[in-house]
Amino acid sequence: MHRRSLRIALIIVLLVASYAVIGFFVTPGIVKSKAIEMLSQYTGQRVAIHEVKINPFALSVTIRGFSVPDSSGARCLGFEEMYLNFKASSLVRRAYTFGEFRVTKPFVRFAIRKGGQANLSELMPRTQPPDTIKSTPKRELPRLILENLAIEKGQAVFEDDNRAVPFVAQFDSLGFSLRDFTTLPRKEGLYEFEASTNHGEVMHWRGNVAVSPLRSAGHLALSGIEAHTLWSYVQDRLKFDVPSGKIGLSADYVVDYSSDSLAYQVHNGEFSLSDLTIADKASRSTPFQMGSFDIKNVDVDPQHRLVQIGLIHSEKCAVQTTVDSLGNTSLADLLTLKGAETTPAAPTDSTAPWVVDIQRIEVKDYSAHITDLSTDPSANWVIEPIALTVDSVSIGRPSQVALSLQAGINHSGNVTLAGTLGLNPITADLTLSAETIPLADCQPYLSRYAKLDLKSGTLSSSGQIHYLRRDTVNVIDFTGDVSSASLRTIDRVAQQDFLRWSKLELKQVDYHSEPPSLHIREIALQSPYVRYAIAADRSTNLQSIMTAPADSDTVQTQPSTSVTVGSVQVSNGSLNFTDLTLTPGFTISIESLNGAIKGLSSEQLARADVALQGKVDKYAPVEIEGQVNPLSGEAFTDITMKFHGIELTTFTPYAGKYAGYRIDKGKLSLDLHYKLSKSSLDATNHVVMDQLTLGERVDGPDVTKLPVRLAIALLKDRHGVIDLDIPVSGDLNDPKFKVMPLIVKILLNLATKAVTAPFALIGSLFGGGEDLSSVNFLPGVDSLDATQLPKLASVAKALTERPQLLLDIRGTASDSADRRAIAVSSILKQVRGEETSVEEKPLSVLEQSKVKALYVDRFKMSPDSLIAPLDSSGKKRDKQEYKLAVTIAALQRIIAEYDVPEDNLRDLARRRASAIKGYLIHQGSIEDARLMLQDVEIKAQAQDGRISLPLVLNAR
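Before going into details, it helps to say that this report is about the structure given with it. This structure is a prediction, so every number in the text was calculated from the model and none was measured. (Residues numbered from 1 in each chain as written. Predicted model: local features only at pLDDT ≥ 70, side-chain atom pairs only at ≥ 80, totals over all residues. Heavy atoms only, no water.)

1. So, a positive patch on the surface
Together, Lys 852, Lys 876, Lys 879 and Lys 883 line one region of the surface with positive charge. Within the secondary structure, Lys 852 sits in helix α13 (residues 845-859). (Patch = residues over 30% accessible without salt bridge, like charges linked within 9 Å, V, L, I, M, F, W, Y side chains within 5 Å. Areas by Shrake-Rupley, 256 points an atom, 1.4 Å probe, with all protein chains shown as cover. Salt bridge = Lys/Arg side-chain N within 4 Å of Asp/Glu carboxyl O. Lys, Arg positive; Asp, Glu negative; His and termini not counted. Charge placed at Lys NZ, Arg CZ, Asp CG, Glu CD. Helix = DSSP H or I, 4+ residues; strand = E, 2+ residues; numbered from the N terminus.)

Below, the structure written as structure tokens:
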């Protein structure tokens, strides 16, 4: 018994040893040679295998150094090592069971030759002609279980020489692993395939397969597929990386190749994409992240070229992109395939287009961060959250979809669009609701055109939008309301408010783009404010804030838009005017401006009624009434503006700069009426200044040389009022016609005339002739002539009406005319005993004797030598005539050489001035303090036989 056991053990040892020797040493060589022979014959190429190892105890096979070339001799297929482990449990399971199948460094080179032939097709065995192929009965799939499958460090090379420029792409470090691969049927005719990778990727298939003819129906599901894995195969053509993302796919399908064409259908298809991240290879930024994207209930019917989708749902997607000046986005550029710009367009498919029907699209919790690089600085927009629903979408045929979109704008605004959207052609009928869109975020766009800072403000709107593409024209209609709240802009140059309002409402806006028209029922402005300023360099703030437009050689002519505005309502408005050319600066404001402008229209014959009321500097009332037509091509204005009781001290900067005096007090009232038809202006300016009182003197380069106090005193009546009417008319098309400079010129001319010819002004105001500047006296006479009394009456009246005026009276005498008159009066008084002239009464014989005696007494000679006894003809003169002629000659010489003391002339001049003063005091009731007697002048010249006493007006 012991011998027998020993013999059996020895036999077993021998058998095991034989099995081991054959398995380890004999079989590998045989397998290697046979494999090389069969594969070389099968492929038509010389196949190389470096080594074959067999472990008969582990039931495993290891093949190293496998390589297959193509017809060019280059390596085509191969691997460094393949390991296959067969399990004995296959007998129990009744299925080919492999514990592990591993391929290390597999290699494949797929090359397309010139002419389109592929190198891999050269490795396929020759087949029999189609008519000799016998039909193969349907066979079931082999019963197979593969517990672990792994492909490690694979490499794939794709070459395409059938192109103008040869193309080569190489994929390295390819890897793939599966676990628990099986084809065991769960019931008759039904097979199931399930595999998973080390990364948790799972593929599951359940269904049936017929090989001849090829037909399959079943359910295929992929889950947990790494998006990075798919990306790795095509990364060389992509500008982006996919560091994360999982893909799921499932569908019921039917594939039938029983006829000469392939027929297939897909039902209950679903696609899911989760946690997707797209990264920029260059910057490593992540401009696109998506939480989830799901497509459900997908049916594909190729026979009717129809795809039906029940639902597309996506959540939590974040997009970051930039936009350049041409409208190109960085994200779109990132997603563009390398070389796609040069890819020729695909030929047009002449068959019927596919139709895609989508029951519903849902987008939730999306966000977009957009940086607009076309502005300086760049504009940043954060649009979140975004929610979108679209129902009944059809792509490929005319359809109407129901749309609902909600989006937040920069954390404060909200936009909602709801309505219908037409596809093919594109139309839209939408309800718009926009609330509190932040205008301050539009600052970079405003900076293109103006040096203004948008500090605050919101924009809101609600209404209906209709869009239609008509031929090549976009037709847009809008009906609704637009409003803006809390707007505030700062003049960046002056660092002061430029424009602001608490609220602006455009009510019932009706806009049509074809033909262009705009109707607004009402514009309501609450607490509007605008500032207009003149800087120290005489530029205006409107000029300084505007940015020069870019040069453009193309001028686009836009069709004129018909505009009508029912009314403009202004509530608590204010206007500010500042002039910094003055020192100190001048500022005036109109506040509490209320009223309306009704009936604005671009129609030529339309007239808008204006009725506004306000206050200047809080207290002085302002009224603006009339009709205007600012929107018409031919301007029309018939407007009256009344300003009452403006404090004149407000204008002290102007008075100091130009008049040389500050204003101590006074009120200004204006009644302005401007009528403009086309380019013809006809205006009246009624200016009233009450109690204008000048203050201290101010020096400056622009101060007028005119006596300002006198001008004011001449224009101011006894009630302290200056009342002026200044008419202006002309053609606005005339470049030399400027309204305000013309008014200033008229005022200056009036003041100049007042001070250079004050009595002419008084004469025109109070009568008495043109020349009231002097009073005339006969030579030697100090009493007022009756012809001069009307003049003095006018002067007295003017002084009464102009209480600020003073009158300077300078007594005058002529050292020729008055001296002679005094001499005549004095000599005749000695001769006649009374003051008379020779012409008034002939000399008597006695008076002639007195004259002769005076002559002899003075000159110590007879006056007979003064007259020749013969006349010019040589005839002796008549005795009496001769005697009278001698007497008159003697009298004239006595008068000519009579000594009149200068004091007599000064006394005469003083008496004349006193006569004028006495008349004005007693007859004119003028205060003595207003009449000033100046030092006398005795060198005056007589004109027309009279001596003039000048009157000079002055002011207190």
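2. Overview of the packing of aromatic side chains
Scanning all chains against the criterion turns up three aromatic pairs. An angle of 20° between the planes, with centres 5.0 Å apart, marks the rings of Phe 66 and Phe 79 as stacked. Taken together, the residues Phe 66 in strand β2 (residues 60-69) and Phe 79 in strand β3 (residues 75-86) connect sequence positions 13 residues apart. Assigned by exposure class, Phe 66 and Phe 79 land together as buried. Over the face of the ring belonging to Tyr 529 we find Arg 500, whose NZ or CZ atom lies 4.0 Å from the ring centre. (Phe/Tyr/Trp six-rings, centres within 6.5 Å; stacked < 30°, edge-to-face > 60°. Buried < 20%, exposed > 50% of the residue type's maximum accessible area, 1.4 Å probe, protein only. Lys NZ or Arg CZ within 6 Å of the ring centre and 35° of its normal.)

3. Topic: the pattern of salt bridges
Evaluation of the coordinates by the stated rule reveals 32 salt bridges. Arg 102 is paired through a salt bridge with Glu 100; the nearest N and O atoms lie 2.6 Å apart. Assessed through its relative accessible area of 28%, Glu 100 is described here as partly exposed. Taking the shortest distance from any N to any O, the salt bridge between Asp 818 and Arg 912 comes out at 2.6 Å. Linking Asp 818 in helix α12 (residues 817-832) with Arg 912 in helix α15 (residues 902-922), this pair joins segments that are 94 residues apart in sequence. Taken together, the shared-partner salt bridges in this structure form one network comprising Glu 51, Lys 53, Arg 64, Glu 81, Glu 100 and Arg 102.

4. Notes on a nonpolar patch on the surface
Taken together, the side chains of Ile 22, Phe 24, Phe 25, Val 26, Ile 30 and Phe 57 define a hydrophobic patch exposed on the protein surface, amounting to about 600 Å² of accessible area. Among the structural elements, Ile 22 can be located in helix α1 (residues 2-43). Look at Ile 22 and you get partly exposed, because its relative accessible area is 44%.

5. Digging into the nonpolar core
Of all hydrophobic cores here, the largest spans 92 residues; its most connected members are Phe 288, Val 616 and Ile 646. Contact partners of Val 616, with chain neighbours within four places excluded, come to Ile 588, Ser 589, Ile 590, Val 622, Phe 643 and Ile 646. By size, the runner-up hydrophobic cluster in this structure holds 23 residues, among which are Leu 772, Val 775, Leu 792 and Leu 953. (Core = buried A, V, L, I, M, F, W, Y, C linked by side-chain atoms within 4.5 Å. Contact = heavy atoms within 4.5 Å.)

6. Considerations on the packing of α12 against α13
Taken N-terminus to C-terminus, the directions of α12 and α13 make an angle of 120°; their axes are 9 Å apart at the nearest point. Taken together, α12 and α13 sit at an angle that is classed as oblique. For α12 against α13, the interelement crossing comes out right-handed. Here α12 contributes Ile 827, Gln 830, Val 831 and Arg 832 to the contact with α13, which in turn contributes Glu 847, Lys 850, Val 851 and Leu 854. Class assignment of the residues belonging to the contact of α12 with α13 gives a composition of four nonpolar, one polar and three charged. (Axes fitted to C-alpha atoms, helices over the stretch in contact; angles between N-to-C directions. Parallel < 35°, antiparallel > 145°, perpendicular 65-115°, else oblique. Left-handed = near helix turned anticlockwise from the far one by under 90°. Nonpolar A, V, L, I, M, F, W, Y, C, P; charged D, E, K, R; others polar.)

7. A word on the pairing of strand β19 (residues 413-423)
On a regular strand, each side chain points to the face opposite its neighbour's, so the side chains alternate between the two faces of the sheet. As paired elements, strand β18 (residues 399-409) and β19 share 11 bridges and run antiparallel to each other. Its bridge partner lying in β19, Ala 402 is registered against Thr 420. What sits between β18 and β19 in their antiparallel hairpin is a turn of three residues, with Asn 410 showing a positive phi close to 50°. The turn linking β19 back onto strand β20 (residues 427-438) is made up of three residues, and Asn 424 within it adopts a positive phi angle of 55°. (Pairing = 2+ DSSP bridges.)

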